[in-house]
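# Examination of the molecular architecture
Chain by chain, the residues run as shown.
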Amino acid sequence: MIKPRQYILISLLLSLLPFAGAGQTPFPLNHSLNLQLENQLYDGKDITFTSLKPLYPYTTVKGYDLDSLLYPEIYRNYNPQKKSWFNRKLLYEDFYVKDTSNIRLEINPAINLSGQQPTAGNKELLYTNTRAIRANANFMDRVYVTTMFYENQKFFPDYLNQFYRNYRVIPGYGWAKSFKKGGRDYYWASGQVAYRPDKNNTLVAGHGKQFVGNGYRSLLLSDVPYQFPHLQYMYKDENLQYSKTLTLLKSRLDIENPVRPGEEKTGVFHYVAANIGNDLEMGLFEGTIVNNPDSSGNYSFYAGYVNPMPLLNSLLPFNNMETHSLIGLNIHYRPVHVFSFYGQLALDQPFNKKNQVPTSDKWSGQLGIKLYEPFQINNLIINSELNIAAPYTYGDTDPKLSYTHYHQPLAHIQGGNFTEFVNILHYRRKRFSIQAELLWSRYGNTSTNIHSGSHIQLSREFINQENKAGQFLSGDITRLRFMEIQLAWLINPAYDMKLFAGYRLREEKNQEATQSDTFINFGIKTSLLNTYYDF
């Protein structure tokens, strides 16, 4: 019997046949770093596509060193000959570098040694102890390898502990075991290999995350859930970008025994983007969740695995297999360097009514704006974004087919049935930075026996049949206010290690109660990954 990973490998190779025809490892999935990168690149003519992440430097930059590009004022007068080894490794360079004519290897530490002190009551300090390592390798400008391993012990605030009790996963990560009294012990590992035979084509195999969009959130495919095994093919020239990704996903876990493997399913993601003129980028997205293997654990060949064209998986019932499809539009308009507009529209199961939940109009939308160096203030970036999703969007009457992975949404972290307005400010002067976030959200909460459309993994028995099509914010309306401000001093730009201190407020209010928590944060950390606790 052919194993599932062999199915996906064969399928991807077949799907590349219609397209048969020097770079670096991927840029980290980090929102603040990507804002800084956009600010530097949009000022020139070296950038084309930025909506498909992680970004690869060879798809965006020509002849730049990324550290020098992001932090020109730090490296402008840097002379390694005048610095001691300790000074260079602590403040400027990768910790270990092996550079020959054919191979470049970089190895860096990553840590998060921090505390979070609740300001109300006599609650104890919540601390984080993360030790990690990240390695990148470049072989003859053809093969690129990156790998990360994180080991964590962490104490969470009450609302995140409740999330874990409900789903048995850490937000953005996976299962954890208990640590001391109330803490969690968990690890995180990822890695991928990219092969680039020429300047237009790239083949990637690995275990990681992806993000489609230009905003803080994505309503199409985001880095919210745990990483997943995937094979990806990418094509890019000056006016066109194409990506096809095949993935292995996890559906429901055993809540009582989360160590046991959950149900598996597969995903197929297409994304095609085109430059229209010099200022407008438009992209078409399709994501398909496939009930494969079936309930007996048997894998079958699905023709959609080898289909290279977006939309066909949604329109055609390949092999009569049960699927859940999401199609979407991504738009990015940047007329001048000072600002850019972006947006997304996602339609959930628009052509398949068989497994529709009662709301027939399942959709979500996003509008956003970014201001780069407004008022001529260098390195100041402001990002404002509105996100909305109708009830039951991303859900399915068969929970296995929901648009999820490892008990977490593949798109927006709130699932469905919400409105959200988020504002982010980022400012940096040399090594000092300040970042602030202010978020307001309203969502229809799910009660014990009624599915209001926000919990996208509930089964059909809990669906509220009285909800009307297109009705927003059904269920118990909950209001969320989240505010955070962080001051930081950058120790080493090469691996983004910093000292930081900050303040966080989270307030959740509904008809029954109001829960308000405030925290003082401080510590030293390496910021290479997005972590979403603002929900």
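Residues numbered from 1 in each chain as written. Predicted model: local features only at pLDDT ≥ 70, side-chain atom pairs only at ≥ 80, totals over all residues. Heavy atoms only, no water.

## Things to note about the overall build of the protein
When helices and strands are tallied, the protein shows eight helices and 24 strands. Out of the 535 residues in the protein, the part that is buried amounts to 57%. Of the roughly 23,300 Å² that the protein leaves accessible, carbon and sulfur atoms contribute 57%. (Helix = DSSP H or I, 4+ residues; strand = E, 2+ residues; numbered from the N terminus. Buried < 20%, exposed > 50% of the residue type's maximum accessible area, 1.4 Å probe, protein only. Areas by Shrake-Rupley, 256 points an atom, 1.4 Å probe, with all protein chains shown as cover.)

## Structural notes on the pairing of strand S10 (residues 228–236)
By the criterion of burial, S10 is predominantly enclosed, with seven of the nine residues buried. For strand S8 (residues 201–208) and S10, the ladder comprises eight bridges, and the chain directions are antiparallel. Within S10, the residue paired with Val 204 across the bridge is Gln 232. Pairing geometry for S10 and strand S11 (residues 240–250), over seven bridges, is antiparallel. What sits directly across from Gln 232, in S11, is Thr 245. (Pairing = 2+ DSSP bridges.)

## A look at helix H2 (residues 31–41)
Burial of H2 is extensive: ten of the eleven residues sit out of reach of the surface. Turning to H2, its buried residues are His 31, Ser 32, Leu 33, Asn 34, Leu 35, Gln 36, Leu 37, Glu 38, Asn 39 and Leu 41.

## Let's talk about unusual backbone geometry
A cis geometry characterises the amide bond from Lys 53 onward to Pro 54, with omega recorded as 10 degrees. Considering the arrangement of structural elements, one finds Pro 54 in the loop between strand S1 (52–53) and helix H3 (57–60). Cis geometry marks the peptide bond from Asn 292 to Pro 293, where omega comes out at 15 degrees. For Pro 293, the position within the fold is in the loop between strand S13 (280–290) and helix H8 (312–315). Its identity is not glycine, yet Phe 375 carries a phi of approximately 60 degrees, on the positive side. With respect to the helices and strands, the residue Phe 375 is situated in the loop between strand S16 (363–372) and strand S17 (380–389).

## Topic: the confidence of the model for the protein
With 84% of its residues at a pLDDT of 70 or more, the protein has an overall mean of 85. Per-element mean pLDDT across the protein ranges from 44 in helix H1 (residues 4–15) up to 97 in S17. The low-confidence segment residues 4–23 (pLDDT under 50) makes 47 contacts with residues lying over four places distant or belonging to another chain. (pLDDT = per-residue confidence, 0-100. Contact = heavy atoms within 4.5 Å.)

## Quick word on the nonpolar core
In terms of nonpolar packing, the biggest core is built from 35 residues, with Tyr 150, Phe 156, Leu 160, Ile 170, Tyr 186, Trp 188 and Tyr 532 touching the most fellow members. Among the elements that take part in this core, helix H7 (residues 158–167) stands out by supplying five residues, more than any other. If we ignore the near neighbours within four places in the chain, the residues touching Phe 156 are Leu 126, Asn 161, Ile 170, Arg 184, Tyr 186 and Tyr 533. By size, the runner-up hydrophobic cluster in this structure holds 26 residues, among which are Tyr 144, Leu 219, Leu 220 and Ile 456. (Core = buried A, V, L, I, M, F, W, Y, C linked by side-chain atoms within 4.5 Å.)

## Examining the pattern of salt bridges
Applying the stated criterion to the full structure yields 18 salt bridges. Of the charged contacts in the structure, one is a salt bridge between Asp 517 and Lys 123, with a shortest N-O distance of 3.9 Å. Here Lys 123 lies in the loop between strand S3 (103–118) and strand S4 (126–139) and Asp 517 lies in strand S24 (residues 514–526), a separation of 394 residues in the sequence. Assessed through its relative accessible area of 13%, Asp 517 is described here as buried. With relative accessibility at 41%, the residue Lys 123 sits in the partly exposed group. The structure contains a network of salt bridges with shared partners spanning Asp 94, Asp 99, Arg 104 and Glu 106. (Salt bridge = Lys/Arg side-chain N within 4 Å of Asp/Glu carboxyl O.)

## Some details on the side chain of Thr 478
By the element assignment, Thr 478 lies in strand S22 (residues 476–492). The contacts of Thr 478, once residues within four sequence positions are left out, are Ser 441, Arg 442, Tyr 443, Asn 445, Glu 508, Lys 509 and Asn 510.

## Description of the packing of aromatic side chains
Taken as a whole and judged by the stated rule, the model has 23 aromatic pairs. Arranged with centres 5.5 Å apart and planes meeting at 70 degrees, the rings of Phe 163 and Phe 535 form a pair that is edge-to-face. Linking Phe 163 in helix H7 with Phe 535 in the segment after S24, this pair joins segments that are 372 residues apart in sequence. An aromatic cluster is built from Tyr 150, Phe 156, Tyr 173, Tyr 186, Trp 188 and Tyr 533, whose rings are joined through pairwise contacts. Residue placement shows Arg 431 over the ring face of Tyr 92; its charged tip is 5.1 Å from the ring centre. Its guanidinium or amino end placed over the ring of Tyr 159, Arg 506 lies 3.8 Å from that ring's centre, counting from NZ or CZ. (Phe/Tyr/Trp six-rings, centres within 6.5 Å; stacked < 30°, edge-to-face > 60°. Lys NZ or Arg CZ within 6 Å of the ring centre and 35° of its normal.)

## Topic: H7
When H7 is considered as a whole, its buried residues turn out to be Tyr 159, Leu 160, Asn 161, Phe 163, Tyr 164 and Tyr 167. In this structure, the buried residues of H7 make contact with strand S7 (183–195), strand S19 (408–409), S22 and strand S23 (497–509). Two residues or fewer after H7 comes Arg 168, characterised by a positive phi angle close to 65 degrees.

## Brief notes about the pairing of S7
As judged from the twelve bridges shared by strand S5 (residues 143–154) and S7, these two strands associate in the antiparallel manner. Looking across to S7, one finds that Gln 153 is bridged to Asp 185. As paired elements, strand S6 (residues 177–179) and S7 share three bridges and run antiparallel to each other. In the sheet register, Lys 177 faces S7, and the bridge partner there is Asp 185. Taken together, S6 and the strand that follows it, S7, pair antiparallel across an intervening segment of three residues, in which Lys 180 is found at a positive phi of about 50 degrees. Hairpin remark: S7 followed by S8, antiparallel, with five residues in the connecting loop.

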